[in-house]
Amino acid sequence: MKLNRRHFISASAGITAAMSAPVVFGASRPKVVVIGGGAGGATAARYIAKDSKGAIDVTLVEPTRSYYTCFFSNLYLGGFRDFDSIGHTYGKLANDYEINVVHDWAVDVDSNNRNVSLAGGGSLSYDKLILSPGIDFVDGSVPGWDLSSQNKMPHSYKAGSQTQLLSAQIDNMKSGGTYCMVAPPNPFRCPPGPYERVSMVAHKLKKSNPSAKILILDPKPKFSKQGLFEEGWNKHYSGMIERIGPDMGGKSVEVKPDSMEVVIDGSSEKVDVCNVIPAMKAGKIAEIAGVTDGNWAPVIPHSMQSRKNDHIHVLGDASSQGDMPKSGFSANSQAKVCAMAVRAALTDSKLFPAKFSNTCWSLVDTNDGIKVGASYEATDEKIAKVSGFVSKTGEDAALRKATYEESLGWYSGITSDMFG
Amino acid sequence: MRLFTVLFALMLVASIFLNVGLHNVSATEIVGGEKIFKKCKTCHQIGAGAKNRVGPHLNEIGGRVVGSVENFKYSNSLLELKEQAIRWEKPMLDKYLKEPRKFIQGTNMNFSGITDELERKKIIEFIWQVSESTQGSSVQENSLPEEILSIAGDRDYGEYLSSECATCHQASGKDEGIPSITNWPVKSFIIALHAYKNGNRKHPIMEMITKRLSNEEIASLAIFFNSINN
Ligand SMILES: Cc1cc2nc3c(=O)[nH]c(=O)nc-3n(C[C@H](O)[C@H](O)[C@H](O)COP(=O)(O)OP(=O)(O)OC[C@H]3O[C@@H](n4cnc5c(N)ncnc54)[C@H](O)[C@@H]3O)c2cc1C
C-alpha cells in the first residue's frame, strides 16, 4: 500500500501540526475557505479538517451563530419537534476540529487574487474556495411579492425566524380560515418539502382548527411522491386540502400582501395565511463570484469543482450538477466527494471515485413516514442516477412507522456528520 | 486461565440460586418487552426465520446451552461455558443483560447493558415467549464462500467509502433510529452487507447502497468500521 503523507502528521492537530507544517508543507499550510455553514459547507469544512489532520487551514464563513435546519422544520410546524431541536451551533467545529469559524457575510470574491471580502471589513485569501450558500429567490417570480413582503407572506424556505413566524400565523388563524401555499416551480430545494409542509399544517389544523382549509396554488403539473401524499391526505385530512394545478390557474398567480389576497387567473380570493415560496436560484455570492450560468452554478461531477473557475467548488442547492435533487442529504453527500478531491489537490492524499446518494423522508401524519432515494455516480457530463426506490401506496402502518423512526435516526446522523 | 473459568462458572451457577427469581409478568409487560427488544435487534434476530447477525439468533433460548448455535463464532468465554453445558435460564440472563461484560468477562457482546430491572424482566419474558413459539424454525445464515469472506480490504478506501454511511449510521456508534455498525466482527459485517446485496435481507436503502459495492469495497468498509473505537 502506498505510503501517505497524512500518516506522518500528528492526529492532534493544533500545535504539533503547526510545528511540523513548515517541514512537510513548506512555508504555510494550504488554505481552504468555505462560504456557508449549512448542509454542504459545514460537512465539507468538517471532513477536510478531520481528514487532513491539521495539514490544511480551514476557515468557515457563516453569518448566523445558530443554523436552523430546513429539514425537520416542517415537523416543527406540525408540532412534532420543538424549535430548539432543529438549531445547531458551530462550537465543535471550532474547538474539536480547529476550523476558523468566522461569523460574517462574504460580500465579494476576487477570483484573480483568490480573495474573499467580508461584510465586517475583513478579507480571507484562499487556495481553494468552496461555496455552499444555499438559495436565494428569483425577483418577480410571484407578482406582488418581494422580500419586503416576507413578514406578511412568509416563505419559510430558509429556516429560522421565518419558520417561527409562519407557525405563529397558523396558530392565530381564525376558525375556519384558509392557509394558502404558493408552491414553487422546478427546480427548487427539497422537492417533497412543500407537500410535507402541507401535511404538517393539516396535522396541526385538524387538531386546533378543524374547519380550516388548505389551498395549494401550484405551477407544476405534478410533484414528488404525489401519489403517496395524496393517499395520505385522503386518509388523514379528507376534504381539507385543495390543490390548483397549472391547468386551473396555479401558474398565473399574483399576491396582494397588504389585503391578504391571492389572484388566481384574474379572480381574487381572501386568505388568512399566505405562504409564498417563490422560484429559486443559487445564493447570491455564487453569482458575485462569477461561477453561475443562468440561475445555478455548473460543476464537474467528479469533484464538484466549478466549470467556470478551477479554484472554486460549488456544493448543494446552488450547484447545477445533473440528476440529484436539491436536498440536505445531497449537499452532505456532495461535500464529502468535494472534501476528498480538495484534499487530494492540496496534499498528496488519495483520489477516489466519486459516489453520491440521497434519501428524502417525509412525514404525512403521526407515524406515517414515506421516503424516496437514489444512488448516483459521476459521468463527464453530469451526476447521473444509478438506481433508486420509493415508498409504495398501501404500505402497512408498521412499515410507515419504521420509516418515520428511520428518519429520526437520519436526522441525528446527518447533523452529527455536519457539526461533529 | 482454565482454573479461573471453572471458578467463574461455579460462581455463576451459585449466583443463579441466590437470585430472588422473577415473578410472572402480565401480557402487557410482554408487549413492553417487544419494544425494548429493539435494543437487541441491532445484533439479534428472533422468531420465524431468525438468522445469526452480529449476535447469534435467540430462538429457543430458554434452556439452550450457552454458546451453542452452530456456525456462530462465539468468544472463548462463552465457549468455555458451553463445555460445561451451562444453559440459559432467566436469572442468569437477567444478570448477563444487566452488565454483560462484568458478568461474563471476555464476552463479545458489545452492549452496555440494561440497568432498569423491570425492563430486563419484560425483555426476558418476551424472548422466552417467542422462543417457545419458534421451536425448530431458525435457519442458518446463508454462508458466503471463504474467498469472499477473506478478501483483504483497504482501510483508507474503506474510510472514504464510510463517509456515505455516516449520513445515517453515526460514526460514534450511537443508535437513534438507525442501527450502529461500528466495531462489528469483520466477517459478520461482510455477511450482513452481502445479505442486502443478494436480496436475502430486504431493505430498500441498504439494497440500493450495497448493490453497487464490489466485494473489495465491502471488505474495505468492514475493516474500517471494525477499526473505529468507540
Ligand atoms: C421546508 C424544507 C424541508 C426540507 N426537508 C429536507 C429533508 O427532509 N431532507 C433533506 O435532505 N433536505 C431537506 N430540505 C433541503 C435542505 O434544507 C437543503 O437542500 C440544504 O440545506 C442545502 O444545503 P446547502 O449547503 O446548499 O445550503 P444551506 O443549508 O441553506 O446553507 C447555506 C448557508 O450559507 C450561508 N450563506 C449564504 N450566503 C452567504 C454569504 N454570502 N456569506 C456567508 N454565508 C452565506 C447561509 O446563512 C446558510 O447557513 C428541506 C428544505 C426545506 C426548505
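The shown structure was predicted, so the numbers you read here are calculated from the model rather than taken from an experiment.

The rules behind the values
- Residues numbered from 1 in each chain as written.
- Chains lettered and ligands numbered in written order.
- Predicted model: local features only at pLDDT ≥ 70, side-chain atom pairs only at ≥ 80, totals over all residues.
- Heavy atoms only, no water.
- Contact = heavy atoms within 4.5 Å.
- Buried area = accessible area lost by both parts, 1.4 Å probe.
- Salt bridge = Lys/Arg side-chain N within 4 Å of Asp/Glu carboxyl O.
- Polar contact = N/O pair within 3.5 Å; in protein donor to acceptor, adjacent residues only side chain to side chain.
- Helix = DSSP H or I, 4+ residues; strand = E, 2+ residues; numbered from the N terminus.
- Pairing = 2+ DSSP bridges.
- Axes fitted to C-alpha atoms, helices over the stretch in contact; angles between N-to-C directions.
- Domains from an automatic or database assignment.
- Nonpolar A, V, L, I, M, F, W, Y, C, P; charged D, E, K, R; others polar.
- Near = heavy atom within 4 Å.
- Areas by Shrake-Rupley, 256 points an atom, 1.4 Å probe, with all protein chains shown as cover.
- Buried < 20%, exposed > 50% of the residue type's maximum accessible area, 1.4 Å probe, protein only.
- Phe/Tyr/Trp six-rings, centres within 6.5 Å; stacked < 30°, edge-to-face > 60°.
- Core = buried A, V, L, I, M, F, W, Y, C linked by side-chain atoms within 4.5 Å.
- Right-handed = clockwise from strand over helix to strand, strands pointing away.

Enquirer: Is there a simple way to think about the interface of chain A and chain B in this case?
Expert: One frequently used descriptor of interface size is the decrease in accessible area upon assembly of the parts. Contacts between chain A and chain B engage 41 residues on the former and 25 residues on the latter. Per-residue buried area on chain A facing chain B is highest for Phe352(A), Lys355(A) and Phe389(A); these three make up 23% of the total on that side. For the pair chain A and chain B, the interface holds four salt bridges. Here Lys38(B) and Glu405(A) are joined by a salt bridge, their closest N and O atoms 3.1 Å apart. Across the contact surface, chain A and chain B share 14 residue pairs in polar contact (both at pLDDT 80 or more). At the level of secondary structure, the elements contributing two or more residues to the side of chain A that touches chain B comprise helix 2 (39-52), helix 9 (328-346), strand 23 (355-365), strand 24 (368-378), strand 25 (383-390) and helix 10 (397-419) of chain A. Here the side of chain A that touches chain B gets ten residues from one element, more than from any other, and that element is helix 10 of chain A.

Enquirer: Sorry if this is basic, but what is going on with the sheet that holds strand 25 of chain A here?
Expert: Through backbone hydrogen bonds, the strands of a sheet pair up, either in parallel or in antiparallel fashion. Residue and element names in this part refer to chain A. The strand order across the open sheet built from three strands is 23-24-25, with neighbouring strands paired in antiparallel fashion. Unpaired on one side and paired on the other, strand 23 and strand 25 mark the two borders of the sheet. Here the strands of the sheet are splayed against their neighbours by 20° on average, with no regard to which way each runs. With ten bridges joining them, strand 23 and strand 24 adopt antiparallel strand pairing. If you follow Ser362 over to strand 24, its bridge partner there is Ile370.

Enquirer: Teacher, can you tell me more about the domain arrangement of chain B here?
Expert: Residues and elements named next belong to chain B. According to the domain assignment, chain B contains domain 1 (2-19 + 29-133) and domain 2 (137-227). The partner domain 2 presents 16 residues to the 15 residues of domain 1 that form the contact. Summed over both partners, the interface of domain 1 with domain 2 buries about 1200 Å², with 45% contributed by carbon and sulfur atoms. Looking only at domain 1, the three residues that lose the most surface to domain 2 are Lys51, Arg53 and Val54, adding up to 42% of its buried area. The tally of links between domain 1 and domain 2 comes to zero salt bridges. Taken together, the connections running from domain 1 to domain 2 amount to zero residue pairs in polar contact (both at pLDDT 80 or more). The residue makeup of the side of domain 1 that touches domain 2, split by class, is three nonpolar, eight polar and four charged.

Enquirer: Can you walk me through the site of the ligand in this structure?
Expert: Residue and element names in this part refer to chain A. In the neighbourhood of the ligand, 34 residues make up the surrounding shell, with Glu62, Tyr67, Ser132, Arg189 and Asp317 lying closest. Ala39 is positioned such that a nitrogen or oxygen atom in its backbone is 3.2 Å from an oxygen atom of the ligand. One nitrogen or oxygen atom from the side chain of Ser132 is found 2.7 Å from an oxygen atom belonging to the ligand. Out of a free accessible area of 1000 Å², the ligand has 93% covered by protein chains.

Enquirer: Would you mind going over the pairing of strand 14 (residues 253-256) of chain A with me for this structure?
Expert: In regular strands, side chains alternate between the two faces of the sheet. All names here are of chain A. Side chains of strand 14 alternate between two faces, with Val253 and Val255 buried and Glu254 and Lys256 left unburied. Alignment of strand 14 against strand 15 (residues 261-264), held across four bridges, turns out to be antiparallel. The residue bridging Val255 from the neighbouring strand is Val262, located in strand 15. Adjacent in sequence and paired antiparallel, strand 14 and strand 15 are bridged by four residues, among which Met260 carries a positive phi angle near 50°.

Enquirer: Help me understand the pattern of salt bridges in this model?
Expert: Between side chains of opposite charge, a pair can form as their charged atoms come close. For the structure on display, the rule yields 30 salt bridges over all chains. In this structure, Arg243(A) engages Asp218(A) in a salt bridge whose closest nitrogen and oxygen atoms are separated by 3.1 Å. You can see Arg243(A) sitting in strand 13 (residues 241-244) and its partner Asp218(A) sitting in the loop between strand 12 (213-217) and helix 7 (226-236), a full 25 residues away along the chain. Among the residues examined, Arg243(A) registers a relative accessible area of 23% and is labelled partly exposed. In this structure, Lys102(B) engages Glu99(B) in a salt bridge whose closest nitrogen and oxygen atoms are separated by 3.5 Å. Connected through shared salt-bridge partners, Glu231(A), Asp368(A), Glu395(A) and Arg400(A) make up one network.

Enquirer: How should I be thinking about the domain arrangement of chain A in this particular structure?
Expert: Residue and element names in this part refer to chain A. Split into domains, chain A comes out as domain 1 (24-136 + 280-349) and domain 2 (140-276). Distance from the C-alpha centre of domain 1 to the C-alpha centre of domain 2: 31 Å. Across the contact, 19 residues belong to domain 1 and 20 residues belong to domain 2. Summed over both partners, the interface of domain 1 with domain 2 buries about 1900 Å², with 65% contributed by carbon and sulfur atoms. Contact with domain 2 buries surface across domain 1, with Asn74, Leu77 and Met280 losing the most and accounting together for 35% of the total. Summed over the shared surface of domain 1 and domain 2, the number is two salt bridges. Linking Asp317 and Arg189 is a salt bridge whose minimum nitrogen-to-oxygen distance equals 2.6 Å. Between the two partners, domain 1 and domain 2, sit eight residue pairs in polar contact (both at pLDDT 80 or more). Looking at the side of domain 1 that touches domain 2, the elements that each hand over two or more residues are helix 3 (73-77) and strand 10 (135-137). Ranked by the residues each element gives to the side of domain 1 that touches domain 2, the list is headed by helix 3, at five residues. For the side of domain 1 that touches domain 2, a count of residues per class yields eleven nonpolar, five polar and three charged.

Enquirer: What's the story with the environment of Gly49(B) in this structure? I'm lost.
Expert: Turning to its location among the elements, Gly49(B) is positioned in the loop between helix 3 (38-41) and helix 4 (76-83). Gly49(B) sits 138 residues away from Lys187(B) along the chain, and the two C-alpha atoms are 21 Å apart.

Enquirer: Hey, could you run me through the packing of aromatic side chains in this one?
Expert: How two aromatic rings sit relative to each other is set out by the distance from centre to centre and by the angle between their planes. Residues and elements named next belong to chain A. Overall, the coordinates contain 25 aromatic pairs over all chains when judged by the stated rule. Both rings, one in Tyr195 and one in Phe229, keep their centres 6.4 Å apart while their planes meet at 50°; by these two values the pair is tilted. Within this pair, whereas Tyr195 is found in helix 6 (residues 193-208), its partner Phe229 is found in helix 7, the two being separated by 34 residues in sequence. Overall, the relative accessible area of 0% leaves Tyr195 in the buried class. Classification of Phe229 as buried rests on a relative accessible area of 0%. Pairing Phe329 with Trp410 gives two aromatic rings, centres 6.4 Å apart and planes at 5°, and the pair type is stacked. Taken together, the residues Phe329 in helix 9 and Trp410 in helix 10 connect sequence positions 81 residues apart. Here Phe329 and Trp410 have matching classes, each one buried.

Enquirer: Would you take a moment to explain the nonpolar core for this structure?
Expert: When a protein is soluble and globular, its nonpolar side chains tend to lie buried together. Ranked by internal contacts, the top residues of the largest apolar core, which has 149 residues, are Val116(A), Leu131(A), Trp233(A), Val255(A), Cys274(A) and Trp410(A). At eight residues, the largest contribution of residues to this core is made by helix 9 of chain A. Core analysis: the next-biggest nonpolar cluster, separate from the first, contains 29 residues, Leu97(B), Ile104(B), Ile114(B) and Ile123(B) among them.

Enquirer: How should the pairing of strand 1 (residues 31-35) of chain A be read in this particular structure?
Expert: All names here are of chain A. Counting buried positions along strand 1 gives four out of five residues, so the element sits mostly inside the fold. The pairing of strand 1 with strand 2 (residues 57-61) spans five bridges and is parallel. The residue of strand 2 that forms the bridge with Ile35 is Val61. A crossover connection joins strand 1 to the parallel strand 2 through helix 2; in handedness this β-α-β unit is right-handed. In this structure, strand 1 lies alongside strand 9 (residues 128-131), joined through four bridges in parallel fashion. Bridge pairing in strand 9 places Ile35 opposite Leu131.

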